[in-house]
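# Descriptive analysis of the structure
Listed below, chain by chain, are the residues.
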Amino acid sequence: MPPVTDQKIIYTHTDEAPLLATYSFLPIVQAYAAKAGVEIETRDISVAARILAQFGLADDALSELGELAKTPAANIVKLPNISASIPQLKAAIAELQAKGYDVPDYPESADTDEAKAIQARYDKVKGSAVNPVLREGNSDRRAPLSVKSYAKKHPHTNKPFSEGSKTTVATMGEHDFKSNEKSVTLTRDDTLSIVLETASGQSKTLLEGLKVLEGEIVDATKMEAAHLDAFLANALAEAKAQDVLFSVHLKATMMKVSDPIIFGHVVKAYFADVFAQYGDDLAAAGLSANDGLGSILAGLGGLAKGEEIKAAFEAALANGPRLSYTNSDKGITNLHVPSDVIVDASMPALVRNGGRLWGADGGEDDTLAVIPDSSYAGVYQAVIDDVKKNGPLDPATIGTVPNVGLMAQAAEEYGSHNKTFEIAEAGTVRVVNAAGDVLLEHDVEAGDIWRACQTKDIPVQDWVKLAVTRARASATPAIFWLDESRAHDAELIKKVTTYLADQDTDGLEIKILSPELACSYSLERMRKGEDTISVTGNVLRDYNTDLFPILELGTSAKMLSVVPLIAGGGLFETGAGGSAPKHVEQLVNENYLRWDSLGEFFALVPSFEKYAEQAGVAGAQVLADTLDAATGTFLDEDRSPGRKLGTIDNRGSHFYVALYWAEELAKQTADADLAAAFKPLAESLRANEQKIVEELLAVQGQPADIGGYYYPDAEKTAAVMRPSATLNEALAAL
Ligand SMILES: NC(=O)C1=CN([C@@H]2O[C@H](COP(=O)(O)OP(=O)(O)OC[C@H]3O[C@@H](n4cnc5c(N)ncnc54)[C@H](OP(=O)(O)O)[C@@H]3O)[C@@H](O)[C@H]2O)C=CC1
Ligand SMILES: O=C(O)CCC(=O)C(=O)O
Ligand SMILES: [Mg+2]
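Keep in mind the model is a prediction, meaning the values are calculated, not measured.

Turning next to the site of ligand 1. Near ligand 1 there are 25 residues, and of these R352, G578, A580, R594 and D596 occur at the shortest range. N81 is positioned with one of its backbone polar atoms (N or O) 3.1 Å from an oxygen atom of ligand 1. Protein burial of ligand 1: of its 880 Å² of free accessible surface, 88% is covered by the chains. Residue contributions to the shell around ligand 1 peak at 3 residues, all from helix α19 (residues 581-590). When its residues are assigned to classes, the shell around ligand 1 shows 9 nonpolar, 9 polar and 7 charged.

What follows is the structure, encoded as structure tokens:
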């Protein structure tokens, strides 16, 4: 009998490929855990479930888990989830409506109180709405030793840049978020408001009642719209003159307010003539450049001038600089969907591919990679410079760059969502405290994007401590990627210096370097086979944990990604990559799922360990140890999904983990009852290996029906994801 305890592991249901994988993997985990007295519950935090929760049609699991994350009892396994752009949100709403759920349309314009109220609810679902809520701790992401050794033995290819490669990064460097940043550290608890004094003398409160704590860093900055447009016009002309592909790399999901607006500027800059001529017609039809070319083209059907406007877009595409394409076969350009090209994944993929992206005809070519804000663009230029000069990084020999990232309590840009404004009227934006003192101010023009960020002190202390702990535990130098010339970083550096003094750093190499220098230094060491921890703020955490894994391991799916929660609980994330929408397409078209669940396997080990420690259930430790060993065998035997039909896919990889795990459980001696319980299962899985693999392979090559995309049908999906009767029966017999 399982012991009576409040402790449980919460395994999240999310979206797309990770959700599909869960339908196959979780039944195995639950069956094994139950035998060891470990309780696992699920919570649905998919974008569809979060929409339903906003309208009282489902439990608000995200809020529940957000509260849990602030307690020591938290033990949450968090798979990647969709951070929805507006086009994705609208598609999810349409699917739910078609399934009979009474949820309103996404309001095209919020001009009535009712529309405003609906939009406010949908805004809570939009973009990066899950991670900032659950991440009540800082981030520890690294390639486990076994994965790094595997990658060295089975290196993927990082392609060389061609001689004279024209690929380069274009960034503003002036008049952008980085260059306009101002920052203060608060000397007492306070309540702030953000006010726009317009040139015409009106005072408009943009936000009030913003509670801040002593020691908290508050920044404000602006992206100047006119300069952004001039920069984009230049970049387009340069791409045309150089005859390279034009591509823009933003994070419209995580930076859910600022980046869709910047994306809209890019769409309008590329199609400047079309917008000059038809901008009013598009606006009147509620078609926004911020939602991308795809949404605009899809919405032209109902317009009187629809055909004419479509022809104008096509002519502009034919005459403008050549665009990069995310899917050349389907004619989907870099400017179609704001959430298709996400800088953290797209730039490393570009580097891995020798600096080339894909053009209209599917051919590869060099690109002008446009990253408008200069805060972090230099990191990618540093990598490109290094690879151009020294050749591709060789996964067989290079060192590793793990990351310790500041993100707790919506640190830095994560907390900017409710403090980012597209300025309606020229004037001055001020951050004012309760006493009426102006802490920060900027003159702004209409169209500028102004934003503020907060970074609380406790998360910074925890982050510095985590960095030192990791440096000590792995005997690895730790570099803080901070730029003293940047206002926010200068404030942070003061704190880092203070808190480092409280730590025992004897014998450790700890440096503070600007992101560009830190990157070059880490690459130099990496080429010598040396490891270097990158200790970064939130955005570089996101960028570096795709950049280095993709170069070292070919993918960030193989990362261990742990969030030691400040309150004492644990959030165990799976991998560092996203929800891989193209994998769902492959499953639906040919019943093959390429998703690699290694991240899930890694996450479960510390989750079971935590359970063992907190609930005092020894069986949980046995589960952890045996799963760890099984994952080692899994890597040795190379059981990750292949890329192509006819090899084992995600489901086959789960079978092998189940087999190795059962064998480890059967042979361990720490718990004789568990060993006895798993012996028959281990034997039957081994005996039926070929039969099970055949049953799994037999379904490949045909379309699969899961009854939905954002809210697939549970029964249909379970049937698709568990096609081996022999495996299902063996598990049921446990
Ligand atoms: N933690 C989270 O919740 C995160 C969520 N997201 C969200 O995911 C969505 C898609 O984002 P996108 O940037 O395209 O990122 P994806 O990770 O979905 O896509 C990038 C590429 O990563 C590879 N990849 C990532 N994970 C795996 C895996 N487990 N198995 C195999 N391949 C994998 C694939 O590349 P390849 O072809 O090279 O194999 C994939 O095409 C967005 O909604 C985004 O906001 C994104 C990042 C993190
Ligand atoms: O929160 C998000 O939108 C994505 C986060 C992400 O990409 C990451 O944590 O690596
Ligand atoms: Mg990321």
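Resuming the write-up.
Attention now moves to the side chain of T420. Following the sequence through the fold, T420 ends up in strand β16 (residues 420-422). For T420, the side chain forms a polar contact with the main-chain oxygen of S416, separated by 2.6 Å. What T420 contacts, discounting residues up to four positions off in sequence, is V257, S258, I449, W450 and R451.

Let us now look at the coordination of the magnesium ion (ligand 3). Here the magnesium ion (ligand 3) is held by the protein donor atoms D344 (OD) and D542 (OD), which lie 2.0 to 2.2 Å from it. Taken as a pair, D344 in helix α13 (residues 343-352) and D542 in helix α18 (residues 538-553) lie far apart in primary sequence, 198 residues in all. Exposure class is identical for D344 and D542. Each is buried.

Here the focus is the pairing of strand β23 (residues 560-564). Burial within β23 is extensive, with 4 of its 5 residues counted as buried. Summarising the sheet, strand β4 (residues 139-142) and β23 pair through 3 bridges and their orientation is antiparallel. Bridge pairing in β23 links R141 to S561. Summarising the sheet, β23 and strand β24 (residues 570-574) pair through 5 bridges and their orientation is antiparallel.

Below, the discussion takes up the side chain of D140. Its location among the elements puts D140 in strand β4. Note on D140: relative accessible area 5%, which makes it buried. For D140, the side chain forms a polar contact with the side chain of R142, separated by 2.8 Å. In this view, D140 contacts N403, L466, R470, L560, S561 and V562; residues no more than four positions away in its chain are not counted.

Ordered by their spatial adjacency, 4 strands build an open sheet running β6-β9-β19-β16, and the pairing between neighbours is antiparallel. Two strands in the sheet have a free side with no partner beyond their single neighbour: β6 (182-185) and β16. Within the sheet, the average angular offset between the axes of one strand and its neighbour, ignoring direction, is 10 degrees. Examined bridge by bridge, strand β9 (residues 217-223) and strand β19 (residues 449-455) share 7 bridges and lie antiparallel to one another. The partner of K222 across the bridge, within β19, is W450. Set on the sheet, helix α9 (residues 258-270) makes contact with β9, β16 and β19; between it and β19 the angle comes to about 155 degrees.

On to the nonpolar core, then. Core analysis: the largest hydrophobic core is formed by 64 residues, its most contacted members being Y32, V38, F608, W661 and L685. Broken down by element, the residue count for this core peaks at 10 residues, all from helix α20 (residues 598-615). Residues in contact with L685, not counting those within four places in the same chain, are Y32, F655, A658, L659, A662, I692, L727 and A730. Counting 51 residues, the second-largest nonpolar core is a separate cluster that includes L65, I384, V387 and V563.

Another aspect to go through is the site of ligand 2. Surrounding ligand 2, one finds S83, S128, N131, R135, R141, K251, M254, D344, Y414, R541, D542 and A576. Within the side chain of S83, one N or O atom sits 2.6 Å away from an oxygen atom of ligand 2. With respect to ligand 2, the side chain of R141 contributes an N or O atom lying 3.0 Å from an oxygen atom.

Residues three or four positions apart in an α-helix share a direction because the helix packs 3.6 residues into each turn. In this model helix α21 (residues 618-636) runs 28 Å from its N-terminal to its C-terminal C-alpha over 19 residues, within 8% of the 27 Å that 1.5 Å per residue would give. Residues G619, A620, V622, L623, A624, T626, L627, A630, T631, F634 and L635 constitute the buried set of α21. Phi turns positive, to about 60 degrees, at D638, one or two residues after α21.

Here we take up a negative patch on the surface. Among the surface-exposed residues, E609, E613, D625 and D628 lie close enough to one another that they form a single negatively charged patch. Listing elements by their share of the negative patch, those giving two or more residues are α20 and α21. In this structure D625 comes out as partly exposed when scored by relative accessible area, which is 44%.

The next point concerns the confidence of the model for the protein. Here the protein averages 97 in pLDDT, and 99% of its residues register 70 or above. Reported confidences for the modelled complex are a pTM of 0.96 and an ipTM of 0.95.

Summed over all chains, the structure comprises 19 aromatic pairs. Their ring planes at 65 degrees and their centres at 4.8 Å tell us that Y270 and F271 sit as a pair that is edge-to-face. This pair shows no difference in class: Y270 is buried, exactly as F271 is. Considering the side-chain rings of F271 and F313, the 5.0 Å spacing of their centres and the 75 degrees angle between planes classify their relative orientation as edge-to-face. Residue F271 is located in the loop between α9 and α10 (272-284), and its partner F313 is located in helix α12 (residues 306-319); the two are separated by 42 residues in the primary sequence. No difference in accessibility class separates F271 from F313, as the two residues are buried. Taken together, Y32, F608, W661 and F678 form an aromatic cluster joined through their ring pairs. Its end group placed over the ring of F177, R451 keeps NZ or CZ at 3.9 Å from the ring centre. The ring centre of Y656 lies 3.9 Å from the NZ or CZ of R639, which sits over that ring.

With that settled, the discussion passes to the packing of helix α1 (residues 16-35) against α20. Two packed helices can be described by the angle between their axes and the distance between those axes. Axis separation between α1 and α20 bottoms out at 12 Å; the angle between their running directions is 30 degrees. As far as their axial angle goes, α20 and α1 are roughly parallel. The chirality of how α1 crosses α20 is right-handed. For the pair formed by α1 and α20, the contact residues are A21, F25, V29 and A33 on the first element and E600, F601, L604 and F608 on the second. Of the residues that constitute the contact of α1 with α20, the class distribution is 7 nonpolar, no polar and 1 charged.

Moving on, we come to the environment of D457. Structurally, the position occupied by D457 is in helix α15 (residues 457-474). Note: C-alpha distance between D457 and A446 (11 residues apart in sequence) is 34 Å. Of the polar contacts made by the side chain of D457, one reaches the side chain of Q461; its length is 2.8 Å. A polar atom in the side chain of D457 sits 2.7 Å from the side chain of Y499.

With that settled, consider the pattern of salt bridges. This model, assessed by the stated rule, comprises 42 salt bridges. E552 serves as the salt-bridge partner of K148, at 3.2 Å between the closest nitrogen and oxygen. In this pair, K148 is assigned in helix α7 (residues 145-153) and E552 in helix α18, connecting sequence segments 404 residues apart. Classification of K148 as buried rests on a relative accessible area of 7%. Judged by its relative accessible area of 2%, E552 is buried. Between K204 and E425 there is a salt bridge whose closest N-O contact spans 3.2 Å. Taken as a pair, K204 in strand β8 (residues 203-212) and E425 in the loop between β16 and β17 (427-432) lie far apart in primary sequence, 221 residues in all. Here the salt bridges do not stand alone but share partners, grouping K8, E41, R43 and E64 into one network.

The rules behind the values
- Residues numbered from 1 in each chain as written.
- Chains lettered and ligands numbered in written order.
- Predicted model: local features only at pLDDT ≥ 70, side-chain atom pairs only at ≥ 80, totals over all residues.
- Heavy atoms only, no water.
- Near = heavy atom within 4 Å.
- Polar contact = N/O pair within 3.5 Å; in protein donor to acceptor, adjacent residues only side chain to side chain.
- Areas by Shrake-Rupley, 256 points an atom, 1.4 Å probe, with all protein chains shown as cover.
- Helix = DSSP H or I, 4+ residues; strand = E, 2+ residues; numbered from the N terminus.
- Nonpolar A, V, L, I, M, F, W, Y, C, P; charged D, E, K, R; others polar.
- Contact = heavy atoms within 4.5 Å.
- Donors = N, O, S within 2.8 Å, 3.2 Å for Na, K, Ca; no water.
- Buried < 20%, exposed > 50% of the residue type's maximum accessible area, 1.4 Å probe, protein only.
- Pairing = 2+ DSSP bridges.
- Axes fitted to C-alpha atoms, helices over the stretch in contact; angles between N-to-C directions.
- Core = buried A, V, L, I, M, F, W, Y, C linked by side-chain atoms within 4.5 Å.
- Expected span 1.5 Å × (residues − 1).
- Patch = residues over 30% accessible without salt bridge, like charges linked within 9 Å, V, L, I, M, F, W, Y side chains within 5 Å.
- Salt bridge = Lys/Arg side-chain N within 4 Å of Asp/Glu carboxyl O.
- Lys, Arg positive; Asp, Glu negative; His and termini not counted.
- Charge placed at Lys NZ, Arg CZ, Asp CG, Glu CD.
- pLDDT = per-residue confidence, 0-100.
- Phe/Tyr/Trp six-rings, centres within 6.5 Å; stacked < 30°, edge-to-face > 60°.
- Lys NZ or Arg CZ within 6 Å of the ring centre and 35° of its normal.
- Parallel < 35°, antiparallel > 145°, perpendicular 65-115°, else oblique.
- Left-handed = near helix turned anticlockwise from the far one by under 90°.

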